[in-house]
Amino acid sequence: MNTVKKIRLGNFELFFLRNGSFWLDGGGCFGIVPKIIWRKLVYADELNRVKLDSNSLLIRTDEHNILIDPGLGNKYSEKQKKIFRIENKPSIDQSLSELGITSDDIDIVIATHLHFDHIGAFTKYDNQSDIQGDRNIVPTFPNAIHYIQKGEWQEAISPNERTKGTYFITNYMPLMDAGLVKLIEGNQEICPGISVEITGGHTKYHQIVFIKSQANIAVYLGDIMPTANHIKVAYTTGFDLYPVEVMRKKRELYQRAIDENWIVCLDHDSRNCAGYIRQTPDAKNYTFQPYEFT
Ligand SMILES: [Zn+2]
């Protein structure tokens, strides 16, 4: 079964991996937008939750296999699975196997931020461990350097009362112990054609990833615009720590996306994982034009 969508971007290949899904409270997903409005955009289940996909992006260059935000992973308790209606299917390993590669072939991993829905799959339970006793947690991508903003790392290792439900230390500390983390500070190039830019907003050091090849540009927006339903500038989520910053950054990024015809990649959209930002004919609003996969 071929579920992985692909775009060729200049010399690079972009693969959109859908690594399972989870359900979050609809009010949390749409922040200040009343349900009477957002219920027209998306289905809510009997507990008022809406479905979010966990979309990763794999970039294959001549030199590297680069993975952005590998997704939820499977280290969840029964209680967590129930609260978030977590479905880890297909897993990141299943998605990669469709492309004929394994997690050992990934040599660069980039995190937009360290919330569990984005990087829970950084680590996994060791197959060897005794299922009855303590289970060892090991890196999922043992041959990869994991690029994480230093500020995000610091926030994640000392969460506060509000953020502790999103930062789980077992998702990232084993990587540091294994020497697989590179903490970066500010905007920078990761390898030729791949760079990161701090946006702030969702978290203080949230970053987005630029992919450039032969004058083509794709940008993985992380949680600045998680789904196409969040295209409106004021449609920020209840999980954004700095919603006014998200709005300011959206306006700026939308203009750049239009001027440079970016393919924008969406991390949580169930229907559209990629597309273009367009302006409405009256130039007062923005719309999302889905990418037409062939
Ligand atoms: Zn997210």
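Predicted model, so just to flag it, every value in this text is computed and none were measured. (Residues numbered from 1 in each chain as written. Predicted model: local features only at pLDDT ≥ 70, side-chain atom pairs only at ≥ 80, totals over all residues. Heavy atoms only, no water.)

1. A word on the sheet that holds strand β16 (residues 286–290)
Pairing in this open sheet of seven strands is mixed, and the strands run β10-β11-β12-β13-β14-β15-β16 from one edge to the other. Since the sheet does not close on itself, it has two edges, and those belong to β10 (188–191) and β16, each with one partner. Each neighbouring strand pair of the sheet contributes to a mean axis angle of 30 degrees, computed without reference to strand direction. In this sheet, strand β14 (residues 263–265) lies alongside strand β13 (residues 216–220) in parallel orientation, the contact comprising three bridges. Looking at β14, one finds that Tyr220 is bridged to Cys265. Contacting β11 (194–198), β12 (207–213), β13, β14, β15 (274–279) and β16, helix α8 (residues 243–260) runs over the sheet at an angle of about 100 degrees to β15. (Pairing = 2+ DSSP bridges. Helix = DSSP H or I, 4+ residues; strand = E, 2+ residues; numbered from the N terminus. Axes fitted to C-alpha atoms, helices over the stretch in contact; angles between N-to-C directions. Contact = heavy atoms within 4.5 Å.)

2. Examining the sheet that holds strand β8 (residues 145–149)
Read across the open sheet, the seven strands follow the order β1-β2-β3-β4-β5-β8-β9; overall the sheet is mixed. Here the strands that pair on one side only, and so sit at the sheet edges, are β1 (5–9) and β9 (181–184). Here the average twist between neighbouring strands, direction ignored, is 25 degrees. Packing against the sheet, helix α6 (residues 150–157) makes contact with β8 and β9, and its axis sits at approximately 85 degrees to β8.

3. Details of unusual backbone geometry
Here the residue pair Lys89 and Pro90 is connected by a cis peptide bond, since its omega of -10 degrees sits within 30 degrees of zero. Tracing the chain through its elements places Pro90 in the loop between α3 (78–84) and α4 (92–98). Of note, Asp69 is a non-glycine position whose phi angle comes to about 45 degrees, a positive value. When you line up the elements, Asp69 lands in the loop between β4 (65–68) and α3. A positive phi angle, close to 70 degrees, is found at Ala215, a residue other than glycine. One can find Ala215 in the loop between β12 and β13. Its relative accessible area of 80% is what places Ala215 among the exposed residues. (Buried < 20%, exposed > 50% of the residue type's maximum accessible area, 1.4 Å probe, protein only.)

4. Brief notes about the packing of aromatic side chains
By the definition in use, this model includes 11 aromatic pairs. Seen from their ring centres, Phe16 and Phe293 are 5.7 Å apart, and the 80 degrees between their planes marks the pair as edge-to-face. Of this pair, Phe16 sits in strand β2 (residues 12–25) while Phe293 sits in the segment after β16, and the two are 277 residues apart along the sequence. With centroids separated by 5.2 Å and ring planes inclined at 15 degrees, the aromatic side chains of Phe116 and Phe168 adopt a geometry described as stacked. Here Phe116, found in helix α5 (residues 116–119), pairs with Phe168, found in the loop between α6 and α7 (173–177); they are 52 residues apart in sequence, far enough to count as distant. Look at Phe116 and you get buried, because its relative accessible area is 5%. (Phe/Tyr/Trp six-rings, centres within 6.5 Å; stacked < 30°, edge-to-face > 60°.)

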